[in-house]
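Residues per chain, in single letters:
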Amino acid sequence: GQQLNQSPQSMFIQEGEDVSMNCTSSSIFNTWLWYKQDPGEGPVLLIALYKAGELTSNGRLTAQFGITRKDSFLNISASIPSDVGIYFCATGANNLFFGTGTRLTVIP
Amino acid sequence: GAGVSQSPRYKVAKRGRDVALRCDSISGHVTLYWYRQTLGQGSEVLTYSQSDAQRDKSGRPSGRFSAERPERSVSTLKIQRTEQGDSAVYLCASSLRGTTDTQYFGPGTRLTVL
């Protein structure tokens, strides 16, 4: 199957700090999606990217579709405690392939 | 409710037994998916169906996994002769139309095989 590598695997940050995480693939894709999953819940879509180089924001979240179409980045500005969770990148055509996730912990 | 729901939320099964997991998708959604999520390995799609046609995309070579769709907004994932390696969270998702539409996920069923 497809391999999506996310980094870092986990992050511990102070409230108010900015966060950056990325996702890379050995294959080219036409779509990049970023999801957040809270404990005991399913993933919730945060941002969808459909074009190489595209930069899209959703509140304090900003994601970019890498120009090579093999990677994507997610940034969270001014983190707050409710940002805690696991962030997954995903891509694919008929079916989604998920990355291994970045677990974010925000220290108040 | 307006979202995707799954039942049971937790399931413990003895190795070798069959299990059935239920998903109630969002009313009106055409495509329904089942994913398997394991810690540190991400999620993989097991199967998906569009409307009433079941399209099995399972990568499980043993064929122990199957899904039925008795109603348009209901799907049941069946795992036969469970193995310890089947322990995972099973996520159901649905999308309004085809596979390029946004997928909405349920909370998952955590299966533990002893």
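Residue positions are given per chain, counted from 1 along the sequence in the order it is written. The naming scheme follows written order: chains are lettered A onward, ligands numbered 1 onward. Side-chain atom pairs in this predicted model are given and counted only at pLDDT of 80 or more, local residue features only at pLDDT of at least 70, and totals for whole chains, interfaces and linings cover all residues. Each side-chain value is worked out from all heavy atoms of the structure, with water and hydrogens disregarded.

Caption draft 1: Focus on the overall build of chain A. Strands here mean DSSP runs of E at least two residues long; helices mean DSSP runs of H or I at least four residues long; both are numbered from the N terminus. When helices and strands are counted, chain A shows 0 helices and 11 strands. Element order for chain A, N to C, with α for helix and β for strand: β-β-β-β-β-β-β-β-β-β-β. Both definitions apply: the radius of gyration is a C-alpha atom measure, and the globule rule equals 2.2 Å times residues to the power 0.38. Over its C-alpha trace chain A gives a radius of gyration of 13 Å, about what one expects of a compact globule, namely 13 Å for 108 residues. The C-alpha extent of chain A, read off along each of the three principal axes, is 40 × 25 × 20 Å. Categorising residues by exposure relies on relative accessible area from a 1.4 Å probe, with only protein chains included: less than 20% of the type maximum marks a residue as buried, more than 50% marks it as exposed, and the intermediate range marks it as partly exposed. Per-residue burial over chain A gives 44% buried out of 108 residues.

Caption draft 2: Local environment of the overall build of chain B. Scanning chain B from terminus to terminus reveals 0 helices and 11 strands. Reading chain B from its N end, one meets helices and strands in the order β-β-β-β-β-β-β-β-β-β-β. Classification of the 114 residues of chain B by burial places 46% in the buried group. Only heavy atoms enter the contact rule, under which two residues are in contact if any of them lie within 4.5 Å. Taking the contacts inside chain B whose residues are at least 6 apart along the sequence as the reference set, 56% of them involve residues at least 24 apart. Note on areas: Shrake-Rupley, 1.4 Å probe, and residue coverage restricted to the protein chains presented here. Approximately 5600 Å² of chain B is accessible, and the part contributed by carbon and sulfur atoms is 46%.

Caption draft 3: Expanded view of the sheet that holds strand 1 (residues 5-7) of chain B. All names here are of chain B. If you trace the 4 strands from one edge of the open sheet to the other, you get 1-3-8-7, paired in antiparallel fashion. Each of the sheet's edge strands pairs with one partner strand only, and the pair in question is strand 1 and strand 7 (65-71). Recorded for the sheet is a direction-independent mean angle of 20° between the axes of neighbouring strands. One ladder, built from 5 bridges, connects strand 7 with strand 8 (residues 74-79); its direction is antiparallel. Bridge pairing links Glu68 to Thr76 in strand 8. Two strands are counted as paired when DSSP detects at least two bridges linking them. Axis geometry follows a simple rule: fit a line to the C-alpha atoms, using only the stretch in contact for helices, then measure angles between N-to-C directions, giving values from 0 to 180 degrees.

Caption draft 4: Just the sheet that holds strand 6 (residues 55-58) of chain A, in detail. All names here are of chain A. In spatial order, the strands read 1-3-8-7-6; together these 5 strands make up an open sheet with antiparallel pairing. Edge strands, defined here as strands with exactly one partner in the open sheet, are strand 1 (4-7) and strand 6. Strand-to-strand twist of the sheet, defined as the mean angle between neighbouring strand axes without regard to direction, takes the value 15°. Pairing of strand 7 (residues 61-65) with strand 8 (residues 71-76), which is carried by 5 bridges, proceeds in the antiparallel orientation.

Caption draft 5: Seen up close, the side chain of B:Thr109. By the element assignment, B:Thr109 lies in strand 11 (residues 109-113). Apart from residues lying up to four places away in sequence, B:Thr109 is in contact with B:Gln6, B:Ser7, B:Pro8, B:Arg9, B:Tyr10, B:Lys11, B:Leu21, B:Ala88, B:Val89 and B:Tyr90.

Caption draft 6: View of the pattern of salt bridges. Residue and element names in this part refer to chain B. Only one rule defines a salt bridge in this text: a Lys or Arg side-chain nitrogen within 4 Å of an Asp or Glu carboxyl oxygen. Under the defined criterion, the tally for this structure stands at 8 salt bridges over all chains. Across the salt bridge formed by Glu83 and Arg64, the nearest N and O atoms sit 3.4 Å from each other. Placement of Glu83 in the loop between strand 8 and strand 9 (88-95) and of Arg64 in the loop between strand 6 (53-55) and strand 7 is noted, with a sequence separation of 19 residues between them. Exposure remark for Arg64: the relative accessible area of 5% places this residue in the buried category. Via salt bridges that share partners, Arg64, Glu83 and Asp86 belong to a single interconnected network.

That is the geometry; function is a separate question.
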